[in-house]
Amino acid sequence: MTNSMDIFLGIDGGGTKCKARLEDAQGNFLAEATAGPANAARNLTGSVKAVLEATEKAIAKANIKGLTLNHIHAGIGLAGINIPKIKQLFLKQSLPFASWHLTTDLHIACLGAHLGQDGAIVIVGTGSSGIATFDGLQLEVGGHGFVVGDKGSGAWLGKMAISLCLEMLDGIIPRNQLCDQVMKQLNCVKPYDLVSLTLEAKPAFYASIAPFILQLAANQQQDALELVKQGATYVNKLCHRLLINSHRLSLIGGITQPLMPYLDSQLQNMIEPAKASPEQGAILYSKSQLNGNSLS
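Definitions and cut-offs
- Residues numbered from 1 in each chain as written.
- Predicted model: local features only at pLDDT ≥ 70, side-chain atom pairs only at ≥ 80, totals over all residues.
- Heavy atoms only, no water.
- Helix = DSSP H or I, 4+ residues; strand = E, 2+ residues; numbered from the N terminus.
- Rg over C-alpha atoms; globule rule 2.2 N^0.38 Å.
- Buried < 20%, exposed > 50% of the residue type's maximum accessible area, 1.4 Å probe, protein only.
- Contact = heavy atoms within 4.5 Å.
- Areas by Shrake-Rupley, 256 points an atom, 1.4 Å probe, with all protein chains shown as cover.
- Lys, Arg positive; Asp, Glu negative; His and termini not counted.
- Charge placed at Lys NZ, Arg CZ, Asp CG, Glu CD.
- Axes fitted to C-alpha atoms, helices over the stretch in contact; angles between N-to-C directions.
- Parallel < 35°, antiparallel > 145°, perpendicular 65-115°, else oblique.
- Nonpolar A, V, L, I, M, F, W, Y, C, P; charged D, E, K, R; others polar.
- Salt bridge = Lys/Arg side-chain N within 4 Å of Asp/Glu carboxyl O.

### With respect to the overall build of the protein
Per the secondary structure count, the protein includes 12 helices and 9 strands. Taking 19 Å as the expected radius of gyration for a compact globule of 296 residues, we find that the protein reaches 20 Å, a close match to that expectation. When the backbone C-alpha atoms are referred to their principal axes, the protein occupies close to 65 × 40 × 35 Å. Sorting the 296 residues of the protein into buried and exposed places 51% on the buried side. The contacts of the protein with a sequence gap of at least 6 include a subset with a gap of at least 24, amounting to 62%. Of the accessible surface of the protein, which amounts to about 13,900 Å², a share of 52% is contributed by carbon and sulfur atoms. Distance from the positive charge centre (23 side chains) to the negative charge centre (22 side chains) of the protein: 3 Å.

### Structural notes on the packing of helix α4 (residues 154–169) against helix α8 (residues 210–218)
The geometry of α4 relative to α8 is characterised by a closest axis approach of 8 Å and an angle of 75° between their N-to-C directions. Relative to α8, the element α4 is oriented roughly perpendicular. Side by side, α4 and α8 meet where Gly-154, Leu-157, Gly-158 and Ala-161 of the first sit next to Ala-210, Ile-213 and Leu-214 of the second. Among the residues forming the contact of α4 with α8, the class breakdown is 5 nonpolar, 2 polar and no charged.

### Some details on the pattern of salt bridges
The full count for this structure, using the stated rule, is 6 salt bridges. Notably, a salt bridge pairs Glu-279 with Lys-19, separated by 3.7 Å at the nearest N-O pair. One end of the pair, Glu-279, is in helix α12 (residues 278–290); the other, Lys-19, is in strand β2 (residues 18–24), and 260 residues separate them in sequence. Note on Lys-19: relative accessible area 23%, which makes it partly exposed. The salt bridge partner of Asp-180 is Arg-175, with a shortest N-O separation of 3.2 Å. Its relative accessible area of 28% is what places Asp-180 among the partly exposed residues. Overall, the relative accessible area of 67% leaves Arg-175 in the exposed class.

Purely geometric stuff here, so don't read any function into it on its own.
If you want it as structure tokens, here you go:
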């Protein structure tokens with residue numbers, strides 16, 4: 001059960017960053033902070049570290065005398081937790097909160113977007129994925145990871161652009177402005193310059209190229225435009241799949257706004273702004289679990 005003195009934490013941990021939000025029991029904002037990547041499937045230890053680091057930073061900003069981790073009820077939404085094995089490994093971690101409840105980053109984003117009511121969201125940021133909640137059930141689509149999925153995402157755009165650059169450098173496709181600009185942006189001249197950057201690169205590296213590609217597309221650079229439209233076609237399909245079970249849809253994530261003009265007009269007219277952030281959704285989840293309520 002919750003009481004008026006409780007402090008709540010909402011964690012949204014993704015492939016690029018981990019964001020923490022602190023609120024009191026009445027929902028008043030206290031502080032927020034960020035730490036590094038928190039995808040539990042990619043780095044379980046790093047994910048735990050990011051959660052604790054972001055929380056400690058938020059506590060410091062809140063500047064509430066005597067407030068420590070063990071006074072806080074946490075709702076934690078993380079990328080990678082949709083994989084059952086990863087979720088079980090994370091649940092075995094010892095986190096020093098008063099209580100903590102774990103779910104996916106998709107779930108908390110959907111809870112926040114629709115304030116706990118049924119609805120659907122698509123996240124297009126470093127990765128891409130979607131979820132619909134309806135009648136106590138969840139339908140998740142996409143989110144299969146950078147290697148085999150995440151089409152239309154920032155990381156996918158960056159990866160595809162680098163592949164095109166290598167094809168250009170090998171003489172397989174004609175020289176073009178997109179590849180010239182990406183090579184310049186990355187300070188590369190030869191194929192091995194590019195390849196060396198990718199040997200240990202994380203999705204965040206590829207996603208860092210995406211804003212540049214989207215800007216070129218907005219300026220009608222043909223190769224960039226074709227790449228962005230290809231990604232948007234997948235996002236369109238993702239959205240329509242979720243709308244089979246839902247009538248309310250929100251899009252969130254770092255490249256959602258620049259991608260919006262390339263979605264079909266029907267979707268553009270249906271999309272509604274998220275009512276609250278994923279971190280707020282995580283707090284809703286924590287409160288529901290403490291009070292014995294189930295939020296799908």
